[in-house]
Amino acid sequence: MSARDVEQGFVELFETPSVVIGQAPGRVNLIGEHTDYNGGMVLPAALPLSLQVALAPRSDDALYIASEQHAGITVRAFGEAPTGHWSDHLIGALQAAREAGLVSGGLHVRVTSSLPQGSGLSSSAALIVATLRAARQLAGKPTAMSDLALAQLARKVENDYLAIPCGIMDQMAVALGEVGKAMLLDTDTLDYELLPLPQEVAVCVVHSGVTRRLGDGRYGERKRECDRAGLEFGTASLCALDPREVEAARGINAISRRRARHCATEHRRVIAAGHALRRADMDALGELMRYSHLSMRDDFEMSLPIIDALVEDAEALGAIGARLTGGGFGGCIVALLPRVERDRWYSQLLERHPQAYAVI
């Protein structure tokens with residue numbers, strides 16, 4: 001959506017022009033699931049889909065919030081506890097911005113987005129990052145907070161305000177990623193490398209038709225299981241374990257062993273994926289994605305039969321590689337395929353899976 005369209009919608013709703021517009025892209029994770037809070041590597045890529053947050057000051061201390069994806073205007077206040085409303089992410093971000101000295105009084109806020117919610121494409125992280133970017137602009141301090149610091153603050157909003165025990169992959173990808181490149185990120189050190197994606201290969205994202213929410217409990221359950229596995233294996237980083245250690249260890253709970261095995265092998269798959277991308281070996285990357293999905297299905301138990309069938313057909317119809325992407329239990333799959341095959345592939349895949357739809 002163009003800045004003019006965003007501005008026009010803001011004026012029609014609030015009868016005042018916006019002062020600033022913050023933007024952030026969505027992201028798709030090519031490989032490296034649930035490794036970011038276990039000390040491992042990830043390989044997300046910024047999407048050409050994005051989210052915008054427009055702000056204008058009010059004369060009072062109230063927050064008037066609206067979104068093109070939701071009806072009406074919601075009135076909220078700084079310091080409110082989460083209520084389960086879609087605007088909780090905004091409230092947490094604006095409270096963090098206030099504590100950082102970026103905003104002071106009330107605001108008109110309107111969100112526009114081309115990102116489907118509940119898809120596992122980081123619409124939540126994009127909303128928080130875009131809000132913080134708008135607040136940074138509103139303060140007239142474009143260098144007051146680096147994008148790295150902004151990503152760290154965005155994660156703090158999710159962890160502390162929203163009580164979502166996520167890692168930092170999503171925030172880094174939407175704050176520092178670039179469309180057309182993958183981010184090979186070490187979530188332990190925050191060192192990263194942007195790797196170009198070959199032009200002849202299309203990155204396709206297909207929504208399964210099953211909406212997911214990070215706050216529905218299953219994501220947190222996996223985090224707790226990983227924490228328990230870390231205690232059993234005596235490590236703060238499951239990804240640092242050698243897969244042979246995972247298999248050889250005695251007296252380990254079966255669930256803990258499966259979670260640790262996924263983290264240890266997925267971390268190494270991401271490293272190998274980085275090497276494959278540097279040499280533009282898409283066949284190697286596709287094979288790693290395939291094994292990643294099997295690990296998510298069997299060891300991390302975060303897939304669903306409808307997702308497994310979508311992945312299987314995606315590959316049968318010509319994808320170089322395909323896998324579940326995001327936190328799991330619904331959302332999207334990501335597939336790589338020759339760009340010239342994209343339209344034919346989508347037509348045949350969606351004919352087999354009418355509940356699914358193309359995201360990009």
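Placed above this text is the structure.
Read on for an overview of the structure. What you are looking at is a predicted structure, and each value in this text was computed from that prediction instead of being measured.

**Concerning the overall build of the protein chain**
Point 1. If you tally the helices and strands in the protein chain, you get eleven helices and eleven strands.
Point 2. The C-alpha radius of gyration of the protein chain comes to 20 Å, within 12% of the 21 Å expected for a compact globule of 360 residues.
Point 3. The C-alpha extent of the protein chain, read off along each of the three principal axes, is 65 × 50 × 35 Å.
Point 4. Put simply, the protein chain has 360 residues, and 57% of those count as buried.
Point 5. Split by element, the accessible area of the protein chain, about 14,400 Å² in all, is 50% carbon and sulfur.
Point 6. With 36 positive and 44 negative side-chain charges, the protein chain shows a spacing of 2 Å between the two charge centroids.

**Digging into the nonpolar core**
Point 1. With 116 residues, the main nonpolar core has V28, L30, L43, V53, L336 and W345 as its most contacted residues.
Point 2. Those residues within four positions of V53 in sequence are excluded, and the remaining contacts are V20, I21, G22, L90, V109, R110, V111, L127, A130, T131 and A134.
Point 3. Formed by six residues, the second largest nonpolar core is a distinct cluster that contains V6, F14, A54 and A66.

**Re the packing of helix α2 (residues 88–99) against helix α4 (residues 147–161)**
Point 1. The contact between α2 and α4 brings their axes to 10 Å, and the two run at 120 degrees. Viewed along their axes, α2 and α4 adopt a mutual orientation that is oblique. Seen along the crossing, α2 lies across α4 with a hand that is right-handed. Along the contact surface, α2 presents D88, H89, I91, G92, A93 and A96, while α4 presents L153, V157 and Y161.
Point 2. Of the residues in the contact of α2 with α4, the class split is six nonpolar, two polar and one charged.

**Side note on unusual backbone geometry**
Point 1. At L190, a position not held by glycine, the phi torsion is positive, near 70 degrees.
Point 2. The topology assignment puts L190 in the loop between β6 (181–186) and β7 (192–196).
Point 3. Taking relative accessible area as the criterion, L190 reaches 18% and is therefore assigned buried.
Point 4. In this structure, A280 is a non-glycine residue whose phi angle is positive, near 55 degrees.
Point 5. Tracing the backbone through its elements, the reader meets A280 in the loop between α8 (254–278) and α9 (282–298).
Point 6. A relative accessible area of 47% means that A280 is categorised as partly exposed.

**Observations regarding the state of the cysteines**
Point 1. This structure, assessed with the given rule, holds zero disulfides.
Point 2. C263 provides the cysteine sulfur closest to C226, a residue in no disulfide bond, and the two sulfurs are 4.3 Å apart.

**So, the side chain of H293**
Point 1. Locating H293 in the fold gives a position in helix α9.
Point 2. Those residues in contact with H293, other than ones at most four positions away along the chain, are S303, I307, D308, V311, A322, R323 and L324.

**Some points on the environment of P17**
Point 1. Turning to its location among the elements, P17 is positioned in the loop between α1 (3–14) and β1 (20–31).
Point 2. Take P17: its relative accessible area is 48%, and that puts it in the partly exposed class.
Point 3. Counting along the chain gives ten residues from P17 to E7, while the straight-line C-alpha distance between them is 6.8 Å.
Point 4. Dropping the residues within four chain positions of it, P17 is found in contact with E7, F10, V11 and A56.

**Comments concerning the packing of aromatic side chains**
Point 1. Summed over the entire model, instances satisfying the criterion amount to three aromatic pairs.
Point 2. For the pair W345 and Y346, a centre-to-centre distance of 5.0 Å together with 65 degrees between the ring planes defines the contact as edge-to-face. Here W345 matches Y346 in class, with each residue buried.
Point 3. The positively charged end of R58 is found above the aromatic ring belonging to Y64, 3.9 Å away from the centroid.

**Thoughts on the pairing of strand β8 (residues 201–207)**
Point 1. Counting buried positions over the seven residues of β8 gives seven, a clear majority of the element.
Point 2. Sheet topology note: the β8/strand β10 (residues 332–338) ladder contains seven bridges and is antiparallel. Within the sheet, the bridge partner assigned to C204 lies in β10 and is A335.

**What to know about the packing of α9 against helix α10 (residues 305–316)**
The description of two helices packed together rests on the angle between their axes and the distance between the axes.
Point 1. Between α9 and α10, the least distance of the axes is 12 Å, while the angle of their chain directions is 165 degrees. Put simply, α9 runs roughly antiparallel to α10. α10 is crossed by α9, and the crossing has left-handed handedness. Where α9 abuts α10, its residues R290, H293 and R297 lie against I307, D308, V311 and E315.
Point 2. Considering only residue class, the contact of α9 with α10 consists of two nonpolar, one polar and four charged.

**Re the sheet that holds strand β9 (residues 321–325)**
Point 1. Sheet architecture is open: four strands sit in the order β9-β10-β8-β11, paired in antiparallel fashion. Strands at the two margins of the open sheet, each flanked by one partner only, are β9 and β11 (357–358).
Point 2. Pairing analysis gives two bridges linking β8 to β11, with the strands arranged antiparallel. Considered in β11, the bridge of H207 is made with Y357.
Point 3. Sheet contacts for α9: β8, β9 and β10; angle to β9, the most-contacted strand, approximately 40 degrees.
Point 4. On the sheet, α10 packs against β8, β9 and β10 and is oriented at approximately 160 degrees with respect to β9.

Criteria and thresholds
- Residues numbered from 1 in each chain as written.
- Predicted model: local features only at pLDDT ≥ 70, side-chain atom pairs only at ≥ 80, totals over all residues.
- Heavy atoms only, no water.
- Helix = DSSP H or I, 4+ residues; strand = E, 2+ residues; numbered from the N terminus.
- Rg over C-alpha atoms; globule rule 2.2 N^0.38 Å.
- Buried < 20%, exposed > 50% of the residue type's maximum accessible area, 1.4 Å probe, protein only.
- Areas by Shrake-Rupley, 256 points an atom, 1.4 Å probe, with all protein chains shown as cover.
- Lys, Arg positive; Asp, Glu negative; His and termini not counted.
- Charge placed at Lys NZ, Arg CZ, Asp CG, Glu CD.
- Core = buried A, V, L, I, M, F, W, Y, C linked by side-chain atoms within 4.5 Å.
- Contact = heavy atoms within 4.5 Å.
- Axes fitted to C-alpha atoms, helices over the stretch in contact; angles between N-to-C directions.
- Parallel < 35°, antiparallel > 145°, perpendicular 65-115°, else oblique.
- Left-handed = near helix turned anticlockwise from the far one by under 90°.
- Nonpolar A, V, L, I, M, F, W, Y, C, P; charged D, E, K, R; others polar.
- Disulfide = S-S within 2.5 Å.
- Phe/Tyr/Trp six-rings, centres within 6.5 Å; stacked < 30°, edge-to-face > 60°.
- Lys NZ or Arg CZ within 6 Å of the ring centre and 35° of its normal.
- Pairing = 2+ DSSP bridges.

None of the figures reported here should be taken as evidence of function without further support.
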